[in-house]
Amino acid sequence: MLAVLESDRNAPRELRIRALRLAGTMLEMGGACSPGQGKEVATAILDDGRALSKFVAICEAQGAFRKPPVAARQHVLAAQRDGRIKAIDNRRLARLAKLAGAPRSPAAGLELHVNVGDAFAVGQPLITLHGESIGEIEYAIDYYLGNMDLLEEAPR
C-alpha cells in the first residue's frame, strides 16, 4: 500500500487501480466532485502527494508513522513453466506467509507478483518470501514445493 501512496513505479498495478476506483466513488458519493469525475480527482490527489501526506498525518495522530521493516532474507519463487494464473488459494498463501515468520516478525511474509488472469513465463517471479531466518525461509520453500497448486495455473 505504501508503494502506491509513494507513486513507486514498482507498486502493484491492481492495487492502484482498485484504490483509485474506490476513492473516486467515495469522492463522488461525498459530493467532493461531480459524478463521473471521481477517478480523475482521486488520481490527481494520489499523484501530487496529498494522499501520502494525509496518510502520514493520520498515522502521526495515532502515535507515529513508521515504514515497515525490511526482512533480513528474501527468496524468489519463480514460474517453472509458461502459463496463466487461474485461481489463488488464499488460505494456503496465508500459511506460506506464516511459515516465513508472519505475523510474529513484522518484516516477514510474502509478496505476490501475480494476480488471477495474469500470464507468466518460465523464470518469472511469482512470489517473494520475506523472513528473518534461513530456517523460516526453508520451511516456507518446502511448503510451497509441496503445494505449488496454491497458485492454480492454466495453460496460456
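Refer to the structure presented above.
Residues numbered from 1 in each chain as written. Predicted model: local features only at pLDDT ≥ 70, side-chain atom pairs only at ≥ 80, totals over all residues. Heavy atoms only, no water.

### As for the packing of helix α5 (residues 90–99) against helix α6 (residues 134–146)
Spelled out, the test is: Axis lines are fitted to C-alpha atoms, over the contacting stretch for helices. Their N-to-C directions set the angle, which ranges from 0 to 180 degrees. A run of DSSP states H or I qualifies as a helix once it reaches four residues; a run of E qualifies as a strand once it reaches two. Both are numbered from the N-terminal end. For classification purposes, an angle smaller than 35 degrees is called roughly parallel, one larger than 145 roughly antiparallel, one from 65 to 115 roughly perpendicular, and anything else oblique. Contacts: residue pairs with any heavy atoms within 4.5 Å of one another. Throughout, the ten residues Ala, Val, Leu, Ile, Met, Phe, Trp, Tyr, Cys and Pro are labelled nonpolar, Asp, Glu, Lys and Arg are labelled charged, and all others, Gly among them, are labelled polar.
The contact between α5 and α6 brings their axes to 8 Å, and the two run at 155°. One way to sum up the angle between α5 and α6 is to call them roughly antiparallel. Of the residues in α6, those touching α5 at R92, R95, L96 and L99 are E136, Y139, A140, Y143 and Y144. For the contact of α5 with α6, a count of residues per class yields six nonpolar, no polar and three charged.

### Describing the pattern of salt bridges
A side chain with one charge can pair with a side chain of the opposite charge if their charged atoms come near. What counts, and what does not: A pairing counts as a salt bridge when a side-chain nitrogen of Lys or Arg comes within 4 Å of a carboxyl oxygen of Asp or Glu. Type-normalised accessible area, obtained with a 1.4 Å probe on protein chains alone, sets the label of each residue: buried when under 20%, exposed when over 50%, and partly exposed for intermediate values.
For the structure on display, the rule yields 10 salt bridges. For K67, the salt bridge goes to E6, with nearest N and O atoms at 3.0 Å. With K67 in the loop between α4 (50–61) and β1 (73–78) and E6 in the loop between α1 (2–5) and α2 (13–29), this pair connects stretches of sequence that are 61 residues apart. Across the pair R18 and E14 runs a salt bridge, and its minimum N-O distance is 3.6 Å. On the criterion of helical spacing, the pair formed by R18 and E14 is a turn pair, its members being four residues apart in helix α2. E14 gets classed as partly exposed once you look at its relative accessible area, which sits at 25%. Linked through salt bridges whose partners overlap, the residues forming this network are R13, E14, R18 and D118.

### A short note on α6
Rule in force here: For a helix, the expected span equals 1.5 Å multiplied by the number of residues minus one. In this description, one arc is meant: the one made by directions from the helix axis to the C-beta atoms.
Its 13 residues place the ends of α6 18 Å apart at the C-alpha level, agreeing with the 18 Å of an ideal helix rising 1.5 Å per residue. Among the residues of α6, E136, I137, A140, I141, Y143 and Y144 are the ones counted as buried. Within α6, the buried residues cover an arc of 165° as seen down the axis, which keeps them to one side. Across α6 from its buried face, at more than 90 degrees, point the exposed residues Y139, D142, L145 and G146. Buried residues along α6 sit in contact with β1, α5 and β5 (125–131).

### Examining the sheet that holds β1
Put simply, the rule reads: The pairing criterion is simple: DSSP has to find at least two bridges between the two strands.
The three strands lie next to each other as β1-β5-β3, forming an open sheet whose pairing is antiparallel. Of all the strands in the sheet, just β1 and β3 (109–112) have a single pairing partner and so form its edges. Adjacent strand axes in the sheet meet at a mean angle of 20° when their direction is disregarded. Here β1 runs beside β5; their pairing, made up of six bridges, is antiparallel. Bridge pairing in β5 links H75 to L129. Across the sheet, α5 lies against β1, β3 and β5, angled at about 130° from β3, the strand it touches most. Each of β1 and β5 is contacted by α6, which is oriented at about 145° to β5, the strand it contacts most.

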